[in-house]
Amino acid sequence: MLDIDPRVRVDVDSLMAAQHDLGVCDAIWRIAPGGKADAMSAPHLPKVAGIDPAVTTVPQTAAPTPARTAPAPTPAAVPGPSTLIQDRLAGMVSDLTTLHELTERLARARDLDSSLQEFLRAGAALVGARRGLIVLEPSDGLGPTTTIGLGLGRADLGHIETVPRTATSYGRILDGLPDARGGSDVLPEPGAAPGAGGYGTSVDPRHREVAARLGYAASYALPLTAEATGRLGAAVWLYDEQAEPSDRQRDLAGLYVRHAAEHLARMLEVERSRSRLATVAEELLPSRLPRIPGVQLAARHHTGPRGGGDWYDALPLPEGALGLAVGSVTGAGPSAVAAMGRLRASLRAYAVMEGEDPVAVLSDLELLLRLTEPARCATALFAYCEPAQRKIILAGAGHTPPLLIGEHRTEYVETTLSAPLGMLSCWEAPSVEIEPAPGETVLLYTDGLLQRTGDPMDRAYARLHAAAAGVPRSIRDDPAAVCEHVLRAVLPADDPAVAPATPTGSAGAATASATAAAVAGTEGGVEDIVLLAARFD
């Protein structure tokens, strides 16, 4: 057995070794010159009583002292076959350990964007590059398509996109050309003959101009191909000098890319599923808010990565009245989204028939839910508004209390405690009447806003109250700006819902939607968020 230095002894994952298709014994057979080393095939002499017979016995009598002579020069030590094998095995173990660590880091990526960024960083470390970019462009045409850079700004990526695709190795991969396999491209010096640097023809002038602007002289590109989905895109790493990766670096990068492509294919399918689910959820919600004299409306809806059942509604009622509703269905995924759509449609029907009595509306909704979906429960809040009189009658079923925001007061509306819909055999709760002052805003919301703060509920309520009380006077007249301020002040800075939303609507009504798929796997980002603000003139 080889005596490998303890400094290079590490546990090697058998799966990682299988990726190399090279066992340790096979490695020794291939590395040892002329076949197996003699040290491995030589017979071992038997040991007796713990004495190794290979060790020469020391004589008991002292040997005569030899005459002193000049020491002979020591010849240079020639490494034996076992030393070469140990060095090669140590290198193999180091490579396997590196691949194992990089693939573990990739597996911990939470979503598609972070997976692409981790892939770029790992690839750059393997091929010895400092910059690079990855273009995600699935061959099935279903998207999404994106370009992410490493050490390259948006302006740099814009310059690179102006280079004709056929002039670059990664561009030929994206176009699906039969001879596009990637590899090294070293930009030859100006005036070099065709064929220099791996280019069959002269370098495109725009390519040379962009390379000079960005300061790179060579590149190394690889295709991203998964077994189930086919071509996903291409990755390219840029070198500041005329350089290219070594054979060892190419082998390691090739192994890593093959594994990473399968991971990216899975994350791509997850991203597509979330996008489709978010689209369905958005289509089940109002595309525009109504225009009612005396009140301005704004809404914000952010779908969680698992597709929750939070919803809102605003519908005009007879005699100039307005119905406002928010709610949340238990569960997540397509079934919760479908249940949310059914619940919202039913509430609209009940609100048109008996909207002036919010308790009756919720009672009918509870009866419907208990009869048609006995295994599901939901929370809801319905408000019957008369903008001309600035009067609101509301009732809630296990829902969070509204927040009244004004110049002289910021307070929660004290709704009566009640159970969620579907929890009791007979649901009923009294209604509450409030009269907002001119210029005050009533904010309805779902509990996802509180849960995504990551704080206990009492602290989350206090945080929301402080955010509402801190609304600047300059934006109090704009309910959309109030919603944005509350989101930024309440949620953590890295929450996707904090990103600016694009409002739509007309004449004082604004709605906006955003998908929070980037927060997959985080503790505070899996819940939906709904805000519905009504400012009374």
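Residues numbered from 1 in each chain as written. Predicted model: local features only at pLDDT ≥ 70, side-chain atom pairs only at ≥ 80, totals over all residues. Heavy atoms only, no water.

A. Representation of the confidence of the model for the protein in the model. Averaged over the protein, the pLDDT score is 80; the fraction of residues at 70 or greater is 77%. Under a pLDDT of 50 for its full length, residues 1–66 has, in the predicted model, 52 contacts with residues more than four places off or in other chains. Overall, residues 500–524 carries pLDDT values under 50, and its contacts beyond four positions in sequence, including any with other chains, amount to 64 contacts. (pLDDT = per-residue confidence, 0-100. Contact = heavy atoms within 4.5 Å.)

B. The arrangement of the packing of helix α4 (residues 81–107) against helix α9 (residues 247–283) in detail. Contact geometry for α4 and α9: axes closest at 11 Å, N-to-C directions at 25 degrees. With respect to α9, the axis of α4 lies roughly parallel. Crossing of α4 over α9 shows right-handed handedness. Listed contacts from α9 to Asp95, Leu99, Leu102, Thr103, Leu106 and Ala107 of α4 are Arg248, Leu252, Leu255, Tyr256, His259, Ala260 and His263. Classifying every residue of the contact of α4 with α9 gives eight nonpolar, three polar and two charged. (Axes fitted to C-alpha atoms, helices over the stretch in contact; angles between N-to-C directions. Helix = DSSP H or I, 4+ residues; strand = E, 2+ residues; numbered from the N terminus. Parallel < 35°, antiparallel > 145°, perpendicular 65-115°, else oblique. Left-handed = near helix turned anticlockwise from the far one by under 90°. Nonpolar A, V, L, I, M, F, W, Y, C, P; charged D, E, K, R; others polar.)

C. Up close: the sheet that holds strand β3 (residues 183–186). Reading across from one edge, β2-β1-β5-β4-β3 is the order of the five strands in this open sheet, with antiparallel pairing throughout. Edge positions in the open sheet fall to β2 (146–150) and β3, since each of these has one partner strand only. In this sheet, adjacent strand axes meet at a mean angle of 20 degrees when their direction is disregarded. Judged from the nine bridges that link them, strand β4 (residues 218–226) and strand β5 (residues 230–239) form a sheet pairing that is antiparallel. Of the residues in β5, the one forming a bridge with Pro223 is Ala234. Lying on the sheet, helix α5 (residues 112–127) is in contact with β1 (131–136), β2, β4 and β5; it crosses β2 at an angle near 40 degrees. (Pairing = 2+ DSSP bridges.)

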